[in-house]
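Residue strings, one per chain:
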Amino acid sequence: MSLPACPKCESEYVYQDQSLLICPECTYEWNPQEPDEDAVIVKDANGTLLSDGDKVTVAKDLKIKGSSQVIKIGTKALVRRVLDKKDHELDCKVDGVGEMMVTAKFVKKA
């Protein structure tokens, strides 16, 4: 069974002690069952948690800033990264448009 690397120092010498994983190099202890406190929590229009690699659809028509182009409702997109920003949390590849940043409240998980 392969254990994940330490989230603090990226050491591969992690060992398990009951329910905790421990890094001998930086002495960091964590429970792999608990959500990471550093993880970015972003939810779509329905309140579903989004993560990297999710496929989403646009929930309403979106005007592209600085362009006359519009992303129509139902357009599919692939979330490349979820970012911790106030606005435009999703770095997406939108079908027919290309790479762009999208606000999470305007998409639904497919």
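Residues numbered from 1 in each chain as written. Predicted model: local features only at pLDDT ≥ 70, side-chain atom pairs only at ≥ 80, totals over all residues. Heavy atoms only, no water.

Asker: Run through the nonpolar core, naming residues and quoting values.
Answerer: Formed by 17 residues in total, the largest nonpolar core has its most connected members in L50, I71, L90, C92, V94 and V102. Put simply, the parts of the chain that give this core at least two residues each are β6 (55-58), β9 (76-82), β10 (90-94) and β11 (98-102). Beyond its immediate chain neighbours, meaning those up to four positions away, I71 contacts V58, K60, D61, L62, I64, V94, V97 and M100. Residues V14, L21, Y28 and W30 belong to the second largest nonpolar core, which totals 6 residues. (Core = buried A, V, L, I, M, F, W, Y, C linked by side-chain atoms within 4.5 Å. Buried < 20%, exposed > 50% of the residue type's maximum accessible area, 1.4 Å probe, protein only. Helix = DSSP H or I, 4+ residues; strand = E, 2+ residues; numbered from the N terminus. Contact = heavy atoms within 4.5 Å.)

Asker: Which residues make up the pattern of salt bridges, and what values go with them?
Answerer: Tallied over the full model, the rule gives 3 salt bridges. Note that R80 is salt-bridged to E99, the shortest N-O span being 2.9 Å. Note that R80 is positioned in strand β9 and E99 in strand β11, a separation of 19 residues in sequence. For R80, a relative accessible area of 40% translates into the label partly exposed. With a shortest N-O distance of 3.0 Å, R81 and D91 are connected by a salt bridge. You can see R81 sitting in strand β9 and its partner D91 sitting in strand β10, a full 10 residues away along the chain. Take R81: its relative accessible area is 44%, and that puts it in the partly exposed class. (Salt bridge = Lys/Arg side-chain N within 4 Å of Asp/Glu carboxyl O.)

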